[in-house]
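Per-entry structural report
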Amino acid sequence: FLRTREYSPKVPPKRCKQQQNNTLKLATRERSREREQERNMSNNNEEDDLLYGDIVTSQGEDGRESLRVTRDRLEKSERHHAERIEQLEAKVKQLETENERITKENRILMQNISSLYDTAKLELKRKDAMLHEERMKSFNVGGGGTQRGGGGGGGKNPPPPKPPPGGPPSGKKK
């Protein structure tokens, strides 16, 4: 009787039954895990079918190959766009720096032009005042209203020009 069973004669029969029970429990647990995994996979497949069921392709299973190709194409496009964004950001930074420099230069040039214009206006006033002064001197030296040169003009010299607005210059140069 002992030899016909599959356990060794050294192991007591009670202990052999425990091992069998443990083996059965392990096998049952393993089968339960496998069934759970199958259920999870079928749930995932059902979810995939809901998400990707409308994709039709001649390659791959359920359009997965098409999705992989599309994903790869999108990733490549994303990398290209990221590089382009970096280039454009560098260009914007460069242009902002150049714009600041040009704005500063423009401000300085406007100040210089304004100063030159103001100086030219003052210089013209000074020259007009000098001319007026010289005409007054020559008018006074010439005889106070008689025409020089003895020609037969028979009259007076024209009156001197009016002084420039703002009065005669003070004689100071700026």
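Along each chain, numbering runs from 1 in the same order as the chain's sequence is written. Residue-level local features of this predicted model are given only where pLDDT is at least 70; pairs of side-chain atoms are given and counted only at 80 or more, and the full residue set underlies all totals for whole chains, interfaces and linings. Water and hydrogen atoms were dropped before computing side-chain values, which therefore reflect all heavy atoms in the structure.

1. Considerations on the overall build of the chain
The line we're drawing: Each helix is a run of H or I in the DSSP string that is no shorter than four residues. Each strand is a run of E no shorter than two, and both are numbered from the N terminus. Whether a residue is buried, partly exposed or exposed follows from its accessible area with a 1.4 Å probe, protein chains only, as a fraction of its type maximum: under 20%, in between, or over 50%, in that order. Note on areas: Shrake-Rupley, 1.4 Å probe, and residue coverage restricted to the protein chains presented here.
Regarding its fold elements, the chain presents two helices and zero strands. Counting every position in the chain, which comprises 174 residues, the buried fraction comes to 5%. Just so you have it, the chain exposes about 16,200 Å², and 53% of that area is on carbon and sulfur atoms.

2. A few points about the pattern of salt bridges
Stated precisely, the cut-off is as follows: What makes a salt bridge here is a side-chain nitrogen of Lys or Arg within 4 Å of a carboxyl oxygen of Asp or Glu, nothing more.
Within the structure shown, the criterion is met by six salt bridges. The partner of R71 in a salt bridge is E75, and the shortest N-O contact between them spans 3.7 Å. Note that R71 and E75 are positioned in helix α2 (residues 64–141) at a spacing of four residues, about one turn of the helix. For R71, a relative accessible area of 46% corresponds to the partly exposed category. Among the ionic pairs, E123 bridges to R126, the shortest N-O distance being 2.4 Å. A residue pair is termed a helical-turn pair when its members lie 3 or 4 positions apart in one helix, as E123 and R126 do in helix α2 at three residues. Residue E123 is classed as partly exposed on the basis of its relative accessible area, which comes to 33%.

3. A word on the confidence of the model for the chain
Heads up, the condition is: A residue's pLDDT is the predictor's confidence in that residue, given on a scale from 0 to 100. In what follows, a contact means two residues having at least one pair of non-hydrogen atoms within 4.5 Å.
For the chain, per-residue confidence averages 76 on the pLDDT scale, and 59% of positions sit at 70 or higher. Counting interchain partners and residues more than four positions distant, the pLDDT-below-50 stretch residues 149–154 has two contacts.

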